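So the chains spell out like this:
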Amino acid sequence: MSSLDCPVCETSGTPLLEGVTDYHVAQDKAFDVQYCSHCFNGFSLPKMSERDLKPFYTEQYEAYQPRTGFLGWIQRTKYRMDIKLISEVAPPKSNLYEIGAGRGEFLREAKEKGFKVAGLEPSPIGRQFAKEHFQIELQDMSASQLNLAEPVDVVVARHVVEHVNEPHELLKHILDRCLRPEGTLFLKIPNFASWERKLFGKYWAGWDLPRHRFHFSPQGIEHLLLSIGYKDIQVRDEIVPSAIVWSIGHVARHCNQPLLKTLFKLVNALPKPALVLAAQMLAVIMAPFKAGRMIVIARKA
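The rules behind each value
Residues numbered from 1 in each chain as written. Predicted model: local features only at pLDDT ≥ 70, side-chain atom pairs only at ≥ 80, totals over all residues. Heavy atoms only, no water. Pairing = 2+ DSSP bridges. Helix = DSSP H or I, 4+ residues; strand = E, 2+ residues; numbered from the N terminus. Patch = residues over 30% accessible without salt bridge, like charges linked within 9 Å, V, L, I, M, F, W, Y side chains within 5 Å. Areas by Shrake-Rupley, 256 points an atom, 1.4 Å probe, with all protein chains shown as cover. Salt bridge = Lys/Arg side-chain N within 4 Å of Asp/Glu carboxyl O. Buried < 20%, exposed > 50% of the residue type's maximum accessible area, 1.4 Å probe, protein only. Phe/Tyr/Trp six-rings, centres within 6.5 Å; stacked < 30°, edge-to-face > 60°. Expected span 1.5 Å × (residues − 1). Arc of directions from axis to C-beta. Contact = heavy atoms within 4.5 Å. Core = buried A, V, L, I, M, F, W, Y, C linked by side-chain atoms within 4.5 Å. Axes fitted to C-alpha atoms, helices over the stretch in contact; angles between N-to-C directions. Parallel < 35°, antiparallel > 145°, perpendicular 65-115°, else oblique. Left-handed = near helix turned anticlockwise from the far one by under 90°.

Would you take a moment to explain the sheet that holds strand β3 (residues 41–45) for this structure?
In any sheet, the strands associate via hydrogen bonds between backbone groups, in a parallel or an antiparallel arrangement. The strand order β1-β2-β3-β8 describes an open sheet built from four strands, whose pairing is antiparallel. In this open sheet, the two strands that pair with only one neighbour each are β1 (14–21) and β8 (214–215). In this structure, strand β2 (residues 30–36) lies alongside β3, joined through five bridges in antiparallel fashion. Among the inter-strand pairings, Asp-32 is bridged to a residue of β3, identified as Leu-45.

Written as structure tokens, this is what we have:
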């Protein structure tokens, strides 16, 4: 793997990961990740346009699958926790806009808590679901096409920024054009400096190649936001047991070491509630070593 320049700062990258498979869609293809020592973040190779990436976002992609039963309850609990955090920094009845709103489930929860909601979603399946089930009309566009008629109080991007080829440009556009003065940016992103990435290696669910174009560390996302002009930046760990379960599944299905694969197959065969509980307990024990997900809150001056 040869060294290429970081898309954000043009510093030469150093090889971090080679030959990682797409475990969701195209398992016959492999992708690489390089690390930028100036930005403290990673970036994916080869470079791919939105058009190149479109075939990797099929209806079967896990992010488009509705959560039901126990996992559905966990997801809804997470939404409510996120909204509680946003409510601590945003005024009552704030205008909240979500980039990449999926099926509109988060916006439904925010709407029930009094927020005035809107959002965008490139997937027609997601837009249709939001309209039919929650009466929420989502804009048909991608994050790179974001264009608000007027600024809002809160912009939410949950697991969106890592999918964008130019995250610095998107974040600057949000700051300059989408947020009112003292407005709040709320992000959720994987943490590639986490114990989960170090334990699971190339099978870590947070890589999600090639869809994830950038891989952020806590230091890296704070550095990027400060350089753009955000203030009052908070970076918090988030424990997501279902993400650990996905990583376990990747090892169980794709590991080329027979003994390790057999061990993870046994773990992965546990009933789903027991597996999620075990993942939660492991995450709590490993909490001092940084969780696999981050919540980032920042303000506009």
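Next comes the rest of the description.
Please clarify how a nonpolar patch on the surface should be interpreted in this entry.
A grouping of Leu-260, Leu-263, Val-267 and Leu-270 is seen on the molecular surface, where their side chains present a nonpolar patch of about 290 Å² in accessible area. Structurally, Leu-263 is set in helix α9 (residues 258–268). The class of Leu-263 is partly exposed, set by a relative accessible area of 47%.

I'm lost on the packing of aromatic side chains in this one. Help?
Note on aromatic pairs: each is described by the distance of the centres and the angle between the planes. If you walk through the whole model with that rule in mind, you get nine aromatic pairs. Judged by centre distance (5.8 Å) and plane angle (80°), the ring pair of Tyr-79 and Phe-106 falls under edge-to-face. Separated by 27 residues along the polypeptide, Tyr-79 in helix α2 (residues 69–89) and Phe-106 in helix α3 (residues 105–112) bring together distant segments of the chain. A relative accessible area of 0% places Phe-106 in the buried class. Clustering of aromatic rings is evident, with ring pairs tying together Tyr-35, Phe-192, Trp-204 and Trp-207.

So what exactly am I meant to see when it comes to helix α10 (residues 272–285) here?
In an α-helix, one full turn covers 3.6 residues, which means residues spaced three or four apart are oriented alike. With 14 residues, α10 should reach 20 Å at 1.5 Å per residue; the first-to-last C-alpha distance of 20 Å fits that figure. Among the residues of α10, Leu-275, Val-276, Ala-279 and Ala-283 are the ones counted as buried. Mapping the buried residues of α10 onto a view down its axis gives an arc of 95°, with all of them on the same face. Along α10, exposed side chains directed more than 90 degrees from the buried face belong to Leu-277 and Ile-285. At its buried positions, α10 is contacted by α2, α6 (195–200), α8 (241–254) and α9.

Got a minute to help me understand the nonpolar core in this structure?
Note that soluble globular proteins tend to have their nonpolar side chains buried in a common cluster. The biggest cluster of nonpolar side chains holds 38 residues, and the ones touching the most others in it are Ile-99, Ile-174 and Tyr-230. Going through the elements one at a time, β3, β4 (95–99), β6 (152–158), α5 (167–178), β7 (179–190), α7 (218–228) and β10 (293–299) are the ones with two or more residues in this core. Take this core: its biggest share by element is five residues, from α5. The contact partners of Tyr-230, leaving out residues within four places of it in the chain, are Leu-171, Ile-174, Leu-175, Leu-179, Leu-185, Leu-225, Ala-298 and Arg-299.

Looking at this structure, how should I read unusual backbone geometry?
The phi torsion of most residues other than glycine is negative, and most of the peptide bonds are trans. Residue Pro-46 is bonded to the preceding Leu-45 through a cis peptide linkage, with omega at 0°. Among the structural elements, Pro-46 can be located in the loop between β3 and α1 (50–53). Between Leu-209 and Pro-210 the backbone carries a cis peptide bond, its omega angle lying at 5°. Relative to the helices and strands, Pro-210 is located in the loop between α6 and β8. In this structure, Glu-182 takes a positive phi of about 70° despite not being glycine. Looking at the secondary structure, you find Glu-182 in strand β7. With relative accessibility at 38%, the residue Glu-182 sits in the partly exposed group. Look at Asp-208: it is not a glycine, yet its phi comes out positive at around 40°.

Just checking my understanding: could you explain the pattern of salt bridges for this structure?
For side chains of opposite charge, pairing can occur when their charged atoms come near one another. The full count for this structure, using the stated rule, is 17 salt bridges. Here Arg-211 and Asp-22 are joined by a salt bridge, their closest N and O atoms 2.6 Å apart. Of this pair, Arg-211 sits in the loop between α6 and β8 while Asp-22 sits in the loop between β1 and β2, and the two are 189 residues apart along the sequence. The class for Asp-22 is buried, based on a relative accessible area of 0%. Glu-109 is the partner of Arg-108 in a salt bridge, and the nearest nitrogen-oxygen pair spans 3.5 Å. Through salt bridges with shared partners, a single network forms among Arg-76, Arg-80, Arg-108, Glu-109 and Glu-112.

Sorry if this is basic, but what is going on with the sheet that holds strand β9 (residues 231–238) here?
Spatial ordering of the open sheet is given by β5-β4-β6-β7-β10-β9, a layout of six strands whose pairing is mixed. The sheet is open, and its two borders are formed by β5 (116–120) and β9, each paired with just one other strand. Looking at each pair of strands side by side, their axes are set apart by 15° on average, direction ignored. Relative to β6, β4 runs parallel, the two sharing three bridges. When the sheet's bridge partners are listed, Leu-96 is paired in β6 with Val-154.

Sorry if this is basic, but what is going on with the packing of α5 against α7 here?
Think of two packed helices as two axes; the pair is described by the angle between the axes and how far apart they sit. At a minimum axis distance of 10 Å, the contact between α5 and α7 shows a crossing angle of 50°. With respect to each other, α5 and α7 are oriented oblique. The interaxial crossing formed by α5 with α7 has right-handed handedness. Contacts from His-168, Leu-171, Lys-172 and Leu-175 of α5 reach α7 at Leu-224, Leu-225 and Ile-228.

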